[in-house]
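Remarks on the overall topology
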Amino acid sequence: MGNFTLGRYIPLDSPIHRMDPRAKIMAMLFVLIAIFFPAGWIGYGIIFVAVSIVILLGKLSFTYILKSMKPMMFMMFFLLIMNCLVLKTGEPLFTIYSFTVYSDAVFQTLYIVVRLLLMIMITTCLTATTKPLDMTLGIEDLLKPFTKIGVPAHEIAMLISIALRFIPDLIDETTRIIKAQESRGVDLKEGKMKERIMAILSLIVPLFVSAFQRAEDLANAMEARGYAPGEERTRYKVLKMEMRDWILLFCAFLLLVGMIVLSRFK
Amino acid sequence: MSITFEKVSHIYSDGTPYRFVALSDVDLDIIEGQMTAIVGQTGSGKSTLVQHLNGLLLPASGKINVLDHVIEAGSHPKGLKSLRGKVGLVFQFPEYQLFEETVLKDIAFGPKNFGFTEKEAIEKARHAMKLVSLGKEFEEKSPLELSGGQKRRVAIAGILAMDPQVLVLDEPTAGLDPQGTIQMMELFRELNQKHHKTVLIVTHDMEQVFNYCDRVIVMAKGSVHTHTTCEEFFRDSSLCNSLAILPPALIRMKDALKEKGFTIKDEMEDIHELSKEIAREVKHG
Amino acid sequence: MNAIEVKDLCFAYDKEDVVKKVSFSVPKGTYCTVVGHNGSGKSTIAKLIAGLLEKRSGSIIIDGIELNDQTICKLRNKIGIVFQNPDNQFIGSTVRDDIAFGLENHNVPQPEMDPIIEEFSKRVGMSEFLNNEPTRLSGGQKQRVAIAGVLAMHPDILIFDEATSMLDPQGKDEIKKVIMNLHKEKELTILSITHDIDEVSKSDYVIALNQGQIVLQGKPEELFQNEEKLKEIQLDVPFTFKLTKELKKLGVSINNHLTIEGMVNELCQLRSKK
């Protein structure tokens, strides 16, 4: 888990951290859509500058974002090779063993890489500056209009927040069971097929048993404290849109419109 | 053959902001054939210490000798699996590691992992069931339908079936009722005295330490604070009090009486001895 | 007036009854403990009273109102329950959110929540940890948060279902102190299911269960004297009672005491008489 940085919340105090999650989610959606308009290098330049400002305001480091790109390096390299093999348009750049690489192949790849980079930058801006719980509150509020057509907004939000609450506990539990079974001679890395299946079973069965126990305890605790799904309840955390949130939304919207215009008049 | 720790340190999440030194420069010599208690507050490094005994955790620095095995920081340890067969480690709430359809199969799981044939493993499992006094009627039951205390017995039998020389137990009586606790401790005493196993118990319960153990290791902030015999440790309340540990009732009683001017000897085995001393004092002054 | 009245209560998970015709009553403001070994049915009784399980027969009367399908919602507000496992009852992502969870369910208006959260976290000594996540709390601290969360809903009856059994000695002490403080205020009726002989000694009244039936009940000092019965159901007796029995064998007549201090004082008097 140590190297996995994508999508993690970074507890800092910054103007971006303090913003309303709804504004951040909507702004992210606007900018994500904006990327899909072929606005050319100028367009991407503008988006890059805008997102960089947000990153700086959010006190996030660029190296951190680059780190979260790491898992995708292989995919990008693969893409480059594929493009080189398939795309034969544009200027011929150089030749290796009678195989010519054309400029379009490189540009096309670069184009996709830049888009991917921007997408990761944008989503990181949201996930790294928004507490998981605030995120669920934001999602709940944004889904509220859809409750009329049967989307259980509150239940979805409750589900996500409880799942988030218990992830650390389940990770602890898993390492504990792994250690306990290793003490009984289980070898997770080596062994014959049959032994490995047994090894995996010896982890999964106890994990399920304890997860069910947890779920039962949790249901009792929630019921005893007066929780009844579907019933009216007040909310402790109330989200409030402030001036800066509207400004963020407006800027993001402007960016989207800008990209649409740019892609039309290119 | 013995168990020694030389300047052993262990660090969790090294190189991250969550870095935590769980053990620092631990020197320890555990005497074989005895029952040793490991005590200390939560977070003092007890669990980290015992997980080094069978190589689940490896030291960041220092050297460990367990039976014939040497685990040294920096070098890749050899024969970890055979070590795990010799040092049986029972985790806290071990009933959560049961997974087979029947009790017998679950207990035989360990020996099978160590290369014994199905038949040998079953034989070993039956023997282990006898050790923890689980009758034949339990063999074909599902572990899930047993009571909490019975499940824990099955889990301990699962470790005993590997026939370890050293048995390490992390809070083996947590969550059991007083009756279950006594039965469990009697079992460990029997394994120690009749079957000559070295027993190490991580516990918070001083009554258990006082009544069952030979030696005490007190951990504090990742170091060994005290390592001594139980007699020495419970001579009076002062050492316990200095460690914020509640001494056994017998010792508290004895010390309270001594404070009021009673003359009572310090080495105290059990309640009979104390009552004789008190009776003598009260009758003859 | 009785806070809880249980009459001929029976309950079965499947065929066999695990609670068999249990009757007892708990007067308002008392601190009552329930003992018995695992599987004796004590936790089941707690869950029945809290309305989390449905009885097979008999009746449970809370504050003069019988517990049934119609009254359950109303009565549940009068009863708070703290469970055994500190992790599995921590619902919020921080201490603050966890205490708020119950308030949200009770439709407490949002502006009133913060003062309530602060008041009750202070009562259990957790006001400095309001923004902590559960992973950064000890077991005892988590249980204190659970108590605060339950207290914030102003129950009349507080049930502890082995709330200390998974804690270390420090955590046990913390919770026992909180329970004693609550008892001193005399506003709450406390029903605590426990194995802790020290806690039993401090309570007003004890109910001892075995195989789903009440075998003994009374004040702790009375109950502990019934040694044969207790031995039969394999329940522990405080050290002072054991020592008194040993001393009587040796011809020293001394009263039973619940505390070491009390016993030491009487022994001193006995000695000075000589």
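Coordinates for the structure precede this section.
Below is a short write-up of the structure. Values in this document were obtained by computation on a predicted structure and should not be read as measured data.

A few points about the overall build of chain C
Within chain C one finds 11 helices and 10 strands. What you see for chain C is a C-alpha radius of gyration of 20 Å, in line with the 19 Å of a compact globule of 274 residues. Seen along its three principal axes, the alpha-carbon backbone of chain C occupies a region of about 70 × 45 × 35 Å. Residues classed as buried in chain C amount to 58% of the 274 residues present. At a minimum sequence separation of 6, the contacts of chain C that also span at least 24 residues come to 61%. When the accessible surface of chain C is totalled, it reaches about 11800 Å², and 46% of it is carbon and sulfur. Positive and negative charge centroids in chain C, built from 34 and 40 side chains respectively, lie 6 Å apart.

Here we look at the overall build of chain A
Of regular secondary structure, chain A possesses 10 helices and two strands. Rg of the C-alpha trace for chain A: 24 Å, well past the compact-globule value of 18 Å for 266 residues, more than 25% over. Within chain A, the proportion of its 266 residues that are buried is 39%. Across chain A, every contact between residues at least 6 apart in sequence was considered, and the portion connecting residues at least 24 apart equals 74%. Summed over its atoms, the accessible surface of chain A is roughly 15400 Å², and 73% of this surface lies on carbon and sulfur atoms.

So, the interface of chain B and chain A
Tallying the contact residues gives 24 residues for chain B and 19 residues for chain A. Summing both partners gives a buried area of about 1900 Å² for chain B against chain A, and 60% of it is carried by carbon and sulfur. A salt bridge links A:Arg184 to B:Asp106; its shortest N-O distance comes to 3.0 Å. Connecting chain B to chain A are seven residue pairs in polar contact (both at pLDDT 80 or more). For the side of chain B that touches chain A, the secondary structure elements donating two or more residues are helix H2 (80–86), helix H3 (103–113) and helix H5 (148–160) of chain B. Among the elements that take part in the side of chain B that touches chain A, H3(B) stands out by supplying four residues, more than any other. Taken together, the residues that form the side of chain B that touches chain A break down as 13 nonpolar, seven polar and four charged.

Things to note about the sheet that holds strand E1 (residues 2–12) of chain C
All names here are of chain C. One open sheet holds the four strands; their spatial order is E2-E1-E4-E5, and the pairing between them is antiparallel. At either end of the open sheet lies a strand with only one pairing partner, and these are strand E2 (17–27) and strand E5 (65–66). When E1 meets strand E4 (residues 57–62), the two strands line up antiparallel, connected through five bridges. Residue pairing in the sheet places Val6 in a bridge with Ile60 of E4. This element, helix H1 (residues 42–49), spans E1, E2 and E4 of the sheet and lies at about 65 degrees to E2.

Re helix H4 (residues 62–69) of chain A
All names here are of chain A. What H4 keeps buried is the set Tyr64, Ile65, Ser68 and Met69. Down the axis, H4 shows its buried residues gathered within 155 degrees of arc, on one side only. Exposed side chains of H4 directed beyond 90 degrees from the buried face belong to Thr63 and Leu66. Where the residues of H4 are buried, they touch helix H3 (40–57), helix H5 (73–86) and helix H6 (103–127).

Comments concerning a nonpolar patch on the surface
Residues and elements named next belong to chain A. Together, Phe74, Phe77, Phe78, Ile81, Met82, Leu85 and Val86 make up a nonpolar patch on the protein surface, roughly 750 Å² of accessible area in all. Of note, Phe78 is situated in helix H5. You can call Phe78 partly exposed: its relative accessible area is 48%.

Some remarks on the state of the cysteines
One pass over the full model with this rule turns up zero disulfides over all chains. Its sulfur unpaired, B:Cys240 is 9.8 Å from the next cysteine sulfur, which belongs to B:Cys230.

Some details on the pairing of E2(C)
Residues and elements named next belong to chain C. Pairing analysis gives seven bridges linking E1 to E2, with the strands arranged antiparallel. Looking across to E2, one finds that Leu9 is bridged to Val22. Connecting E1 to the antiparallel partner E2 that follows it, the hairpin turn spans four residues.

Some remarks on the packing of aromatic side chains
What the rule picks out here adds up to 10 aromatic pairs over all chains. With a centroid separation of 4.8 Å and 90 degrees between ring planes, the pair formed by C:Phe11 and C:Tyr13 is classed as edge-to-face. On the accessibility criterion, C:Tyr13 (52% relative accessible area) is exposed. It is A:Arg165 that lies over the ring of A:Phe166; its NZ or CZ is 4.3 Å from the centre.

Concerning the sheet that holds strand E10 (residues 223–229) of chain B
Residue and element names in this part refer to chain B. The six strands are arranged E6-E7-E8-E3-E9-E10 in an open sheet whose pairing can be described as mixed. The open sheet is flanked by strand E6 (87–90) and E10, the only strands paired with a single partner. Averaged over neighbouring strand pairs, the angle between their axes works out to 15 degrees when direction is ignored. The pairing of E6 with strand E7 (residues 166–170) spans four bridges and is classified as parallel. Counterpart to Val87 in the pairing with E7 is Val166. The strands touched by H5 within the sheet are E6 and E7, with E6 carrying the most contacts at an inclination of about 165 degrees.

Regarding helix H11 (residues 271–284) of chain B
For H11(B), with 14 residues, the first-to-last C-alpha span of 20 Å sits near the 20 Å given by 1.5 Å per residue. Inspection of H11(B) places B:Ile271, B:Leu274, B:Ser275, B:Glu277, B:Ile278, B:Ala279, B:Glu281 and B:Val282 among the buried residues, and these make up the whole buried set. Tucked inside the fold, the buried residues of H11(B) contact helix H10 (249–259) of chain B together with helix H10 (239–249) and helix H11 (260–273) of chain C.

As for the interface of chain C and chain A
On the side of chain A, 24 residues touch chain C, which itself brings 36 residues to the contact. A per-residue breakdown of the area chain C buries against chain A is headed by C:Asn88, C:Ile91 and C:Glu104, which together make up 24% of the total. At the surface where chain C touches chain A, the tally comes to four salt bridges. A:Lys237 is the partner of C:Asp97 in a salt bridge, and the nearest nitrogen-oxygen pair spans 3.5 Å.

What to know about the side chain of C:Thr240
Checked against the element boundaries, C:Thr240 lands in helix H10. Discounting residues that sit within four places of it in the chain, C:Thr240 has contacts with C:His257, C:Leu258, C:Thr259, C:Ile260 and C:Met263.

Details of a negative patch on the surface
Residue and element names in this part refer to chain B. The grouping of Asp214, Glu231, Glu269 and Asp270 at the surface amounts to a negative patch. Among the structural elements, Asp214 can be located in the loop between helix H7 (206–212) and strand E9 (215–220). For Asp214, a relative accessible area of 31% translates into the label partly exposed.

Section: the pattern of salt bridges
For the coordinates displayed, the defined rule picks out 50 salt bridges over all chains. Notably, a salt bridge pairs C:Lys42 with C:Glu162, separated by 3.4 Å at the nearest N-O pair. Pair noted here: C:Lys42 is in helix H1 and C:Glu162 is in the loop between strand E7 (157–161) and helix H6 (169–185), with a separation of 120 residues, a long-range link. Judged by its relative accessible area of 9%, C:Glu162 falls in the buried class. Salt bridges sharing common partners tie together A:Asp20, A:Arg22, A:Glu140, A:Asp141, A:Lys144 and A:Arg235.

Rules behind the numbers
Residues numbered from 1 in each chain as written. Chains lettered and ligands numbered in written order. Predicted model: local features only at pLDDT ≥ 70, side-chain atom pairs only at ≥ 80, totals over all residues. Heavy atoms only, no water. Helix = DSSP H or I, 4+ residues; strand = E, 2+ residues; numbered from the N terminus. Rg over C-alpha atoms; globule rule 2.2 N^0.38 Å. Buried < 20%, exposed > 50% of the residue type's maximum accessible area, 1.4 Å probe, protein only. Contact = heavy atoms within 4.5 Å. Areas by Shrake-Rupley, 256 points an atom, 1.4 Å probe, with all protein chains shown as cover. Lys, Arg positive; Asp, Glu negative; His and termini not counted. Charge placed at Lys NZ, Arg CZ, Asp CG, Glu CD. Buried area = accessible area lost by both parts, 1.4 Å probe. Salt bridge = Lys/Arg side-chain N within 4 Å of Asp/Glu carboxyl O. Polar contact = N/O pair within 3.5 Å; in protein donor to acceptor, adjacent residues only side chain to side chain. Nonpolar A, V, L, I, M, F, W, Y, C, P; charged D, E, K, R; others polar. Pairing = 2+ DSSP bridges. Axes fitted to C-alpha atoms, helices over the stretch in contact; angles between N-to-C directions. Arc of directions from axis to C-beta. Patch = residues over 30% accessible without salt bridge, like charges linked within 9 Å, V, L, I, M, F, W, Y side chains within 5 Å. Disulfide = S-S within 2.5 Å. Phe/Tyr/Trp six-rings, centres within 6.5 Å; stacked < 30°, edge-to-face > 60°. Lys NZ or Arg CZ within 6 Å of the ring centre and 35° of its normal. Expected span 1.5 Å × (residues − 1).

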